[in-house]
Amino acid sequence: MSERLSVFKTYKLFVGGKFPRSESGRVYEVTDSKGKWLANAPLSSRKDARDAVVAARKATGGWAGATAYNRGQILYRVAEMLEGRRDQFVAEVADAEGLSKSKAAAQVDAAIDRWVWYAGWTDKIAQIVGGANPVAGPYFNLSTPEPTGVVAVLAPQESSFLGLVSVIAPAIAVGNTVVVVASEQAPLPALSLGEVLATSDVPGGVVNILSGRTAEIAPSLAAHQDVNAIDLAGADAELSKALQIAAADNLKRVLRPQAVDWSADPGTDRMTAFLETKTVWHPTGSLGAGGSAY
């Protein structure tokens, strides 16, 4: 029997629930920690970034309008699918970060657990950041959280999967849609995550994943008038400053980069960072002749 040829994987972007190549036709080599070639990844252009924002905006109404319980079910489904492809992600993370198989497995397991953790928060975060406010008058005064909208996310450069999940999951758990720029040197786990999301009931456009040069793609996202917020987790100090200046043009919410231990308890900060508070006043009234109020 003749030796069969290897079938090399073609990595593609994930935009609007589909898998396009970069419109520029460009790719770049991705290597492991020892310089060994792993794959060619799409080298996204500014046009790809604009297309991703269009897809994210189109998905905002349906995703923000879904019940929190339904969003939790969908995030949990992502964890289920990741569990089924665990071995693939362990291999990709090991290559991407130069880790042993056991350490890479620990990273992947933590990432899957984090999806489950955020899935559980979808219908509880409103109880933490919302509530009834005491007012001096015959009114109900209620504050409720609402998603900010389209969030551009620069994924961490050094944590190709656990860090990636830690910036995507909280943003979408509370109803935002995201355009993610994957780790420049280690984009393969992020591109493979797109394949999982496509089969996990996540509506097309809720998560859009780009690979390429962070410094090339990020400025157009920071300046984009239809992007409501930006997470600068994967930006260095020089790039971060330039992006904050660009983001100020339409008053984007900006989550500045900071030292983070991605394996630590994530808390609720990355969920509340991309929430707005809506406060509603409603007059109380009387019911019947007895004068009882509600």
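Refer to the structure presented above.
Residues numbered from 1 in each chain as written. Predicted model: local features only at pLDDT ≥ 70, side-chain atom pairs only at ≥ 80, totals over all residues. Heavy atoms only, no water.

S.K.: Can you lay out the sheet that holds strand E3 (residues 131–132) for me, pointing to particular residues and giving the numbers?
M.R.: The strands making up a sheet are joined through hydrogen bonds of the backbone, oriented either antiparallel or parallel. Overall, antiparallel pairing links the three strands, which are arranged E3-E4-E10 in an open sheet. The strands lining the two open edges of the sheet, one partner per strand, are E3 and strand E10 (275–283). Relative to strand E4 (residues 139–147), E3 is paired through two bridges, and the arrangement is antiparallel. The partner of Ala132 across the bridge, within E4, is Leu142. (Pairing = 2+ DSSP bridges. Helix = DSSP H or I, 4+ residues; strand = E, 2+ residues; numbered from the N terminus.)

S.K.: Just give me the short version of helix H8 (residues 214–223), but keep the residues and values in it.
M.R.: Counting along an α-helix, one turn takes 3.6 residues, and residues three or four places apart therefore face a common direction. The set of residues buried in H8 consists of Thr214, Ile217, Ala218, Ser220, Leu221 and Ala222. Among the structural elements, helix H1 (46–65), strand E5 (150–154), strand E6 (177–181), strand E7 (207–210), strand E8 (229–231) and helix H9 (237–247) are those in contact with the buried residues of H8. (Buried < 20%, exposed > 50% of the residue type's maximum accessible area, 1.4 Å probe, protein only. Contact = heavy atoms within 4.5 Å.)

S.K.: So what's going on with helix H2 (residues 68–84)? Which residues, and what values?
M.R.: Given a rise of 1.5 Å per residue, 17 residues ought to cover 24 Å, and the 25 Å separating the end C-alpha atoms of H2 matches this to within 8%. Within H2, burial applies to Arg71, Gly72, Ile74, Leu75, Val78, Ala79 and Leu82. Seen from one end, H2 has its buried residues packed into an arc of 165 degrees, which puts them on one side. Facing away from the buried surface of H2 by more than 90 degrees, the exposed residues are Tyr69 and Gly84. For H2, the secondary structure elements touched by its buried residues are H1, helix H3 (86–97), helix H4 (101–121), helix H6 (162–173) and helix H7 (188–198). (Expected span 1.5 Å × (residues − 1). Arc of directions from axis to C-beta.)

S.K.: For the sheet that holds E8, give the residues involved together with the corresponding values.
M.R.: Taken in spatial order, the five strands line up as E7-E6-E5-E8-E9 in an open sheet, and their pairing is parallel. The outermost strands of the open sheet, each flanked by one partner alone, are E7 and strand E9 (253–255). The average angle at which neighbouring strand axes cross in this sheet is 15 degrees, direction not considered. Where E5 meets E6, five bridges bridge the pair, whose relative direction is parallel. Bridge pairing in E6 links Val153 to Val180. The sheet contacts of H1 involve E5, E6 and E7, and relative to E6 the element is tilted by about 155 degrees. Its contacts with the sheet put H8 on E5, E6, E7 and E8, and the angle it makes with E6 is roughly 150 degrees. (Axes fitted to C-alpha atoms, helices over the stretch in contact; angles between N-to-C directions.)

S.K.: Can you lay out the pairing of E6 for me, pointing to particular residues and giving the numbers?
M.R.: With five of its five residues buried, E6 lies for the most part within the structure. The alternating pattern of E6 places Thr177, Val179 and Val181 on one face and Val178 and Val180 on the opposite face, and all of these are buried. Across four bridges, the pairing between E6 and E7 is parallel. Along E7, the bridge assignment pairs Val179 with Asn208.

S.K.: Residue-level account of the environment of Asp123, with values.
M.R.: Residue position: Asp123 is located in the loop between H4 and helix H5 (125–129). Judged by its relative accessible area of 34%, Asp123 is partly exposed. For Asp123 and Ala173, which are 50 residues apart along the polypeptide, the C-alpha to C-alpha distance reads 9.1 Å. Aside from chain neighbours lying at most four places away, what touches Asp123 is Ala68 and Tyr69. Separated by 3.1 Å, the side chains of Asp123 and Lys124 make a polar contact. (Polar contact = N/O pair within 3.5 Å; in protein donor to acceptor, adjacent residues only side chain to side chain.)

S.K.: Hey, could you go over the pattern of salt bridges for me, with residue numbers and the actual values?
M.R.: For the structure shown, the criterion picks out 13 salt bridges. Arg85 serves as the salt-bridge partner of Glu195, at 2.7 Å between the closest nitrogen and oxygen. Placement of the pair is Glu195 in helix H7 and Arg85 in the loop between H2 and H3, with a sequence separation of 110 residues. Residue Arg85 is classed as partly exposed on the basis of its relative accessible area, which comes to 24%. Glu146 is the salt-bridge partner of Lys278, the closest N and O atoms lying 3.1 Å from each other. Of this pair, Lys278 sits in strand E10 while Glu146 sits in strand E4, and the two are 132 residues apart along the sequence. On the basis of relative accessible area, Lys278 is assigned to the partly exposed category, the value being 36%. Judged by its relative accessible area of 33%, Glu146 falls in the partly exposed class. Linked through salt bridges whose partners overlap, the residues forming this network are Lys9, Arg85 and Glu195. (Salt bridge = Lys/Arg side-chain N within 4 Å of Asp/Glu carboxyl O.)

S.K.: Let's hear about the side chain of Arg71: which residues, and what values?
M.R.: The residue Arg71 is located in helix H2 in this model. Although Arg71 lies buried, it forms no salt bridge, and the closest oppositely charged side chain, Asp123, sits 9.1 Å away as judged by the N-O distance. Setting aside chain neighbours within four positions, we find Arg71 in contact with Trp63, Ala64, Ala66, Thr122, Ile172, Ala173, Val174 and Gly175. (Lys, Arg positive; Asp, Glu negative; His and termini not counted.)

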